Amino acid sequence: MKEARLGLLTGPVGVGKTTVAERVVGLAQRQGLVCGGVLAPAMINSCGQKAGIWGVDIGTGKRRILARTNRDLGGPSIGPYSFDASALSWAADAVDRSIGACDLLVVDEIGKLELWRGIGLAPVLSRLAAGEVERALILVRESLLSESQARLSPVEQVVFQVCEENRGALASGILSELLQSRKTTHPEVG
């Protein structure tokens, strides 16, 4: 098992978790790191309201609509969102393909679909908990943080709390923390 280090990026809905994660990816790429996984930025309508969720494959830059609020996409529904089942599968495949092929895996986000229904990006949870990913940034809303931490145990986790005051400067600190090697001491066996 690799020495896994997971960053959990959390905060209230709409605080800017995805924006911070996008900045972390940009900083990592500028340092020559290969990033993979999925980002899920908001789809904003002409009135400035959230109308859905995009899925962006970090490795390829391809984008698909994951969910809408104004239209039934035929897949599962959570709250105001109707998800596209084939787009969820595409996003899960993008995350799966990135494991072992990148320096930093980003998973945006682990939510109710994953934790309560076992669908969406849920397959990555067991792989993360098994330590298959050396370094990852996982986005999770604060109301689901404890449940997410329990599902990702026993892997080392560092929690990053996003708020309006710190979201502009948080990305470099997150990347720096994730790039630190774990300091472990092993007793001498004689």
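Residues numbered from 1 in each chain as written. Predicted model: local features only at pLDDT ≥ 70, side-chain atom pairs only at ≥ 80, totals over all residues. Heavy atoms only, no water.

What to know about unusual backbone geometry
Looking along the chain, the bond that leaves D108 and enters E109 is cis, with omega of 0°. With respect to the element layout, E109 can be found in the loop between β8 (104–108) and α3 (112–117). (Helix = DSSP H or I, 4+ residues; strand = E, 2+ residues; numbered from the N terminus.)

With respect to the nonpolar core
One finds F83, L105, V107, I110, V124 and L128 to be the most contacted residues of the largest nonpolar core, which totals 37 residues. When residues in this core are grouped by element, the largest group, seven residues, is from helix α2 (residues 85–98). Filtering out sequence-adjacent residues up to four positions away, I110 remains in contact with L115, L121, V124, L125, I138, L139, V140, L144 and S148. Grouped together as the second largest cluster of nonpolar side chains are 23 residues, L9, V56, I58 and L178 included. (Core = buried A, V, L, I, M, F, W, Y, C linked by side-chain atoms within 4.5 Å. Buried < 20%, exposed > 50% of the residue type's maximum accessible area, 1.4 Å probe, protein only. Contact = heavy atoms within 4.5 Å.)

What to know about the pairing of strand β9 (residues 135–141)
Among the seven residues of β9, six are classified as buried, and the element is accordingly described as predominantly covered. Note: strand β1 (residues 5–11) against β9, seven bridges, orientation parallel. Its bridge partner being in β9, T10 is matched across the sheet by V140. The pairing of β8 with β9 spans four bridges and is classified as parallel. Looking at the pairing, V107 lines up with I138 of β9. (Pairing = 2+ DSSP bridges.)

As for the packing of aromatic side chains
Across all of its chains, the model carries one aromatic pair by this definition. When the ring centre of W54 is taken as origin, the NZ or CZ atom of R63, which lies over that ring, is 4.9 Å away. (Phe/Tyr/Trp six-rings, centres within 6.5 Å; stacked < 30°, edge-to-face > 60°. Lys NZ or Arg CZ within 6 Å of the ring centre and 35° of its normal.)

So, the pairing of β8
Burial runs high along β8: five of the five residues are buried. What you see with β8 is no split at all: L104, V106 and D108 on one side and L105 and V107 on the other are buried throughout. The pairing of strand β2 (residues 35–39) with β8 spans four bridges and is classified as parallel. Bridge pairing in β8 places G37 opposite V106.

Worth remembering: the numbers are spatial, not functional.
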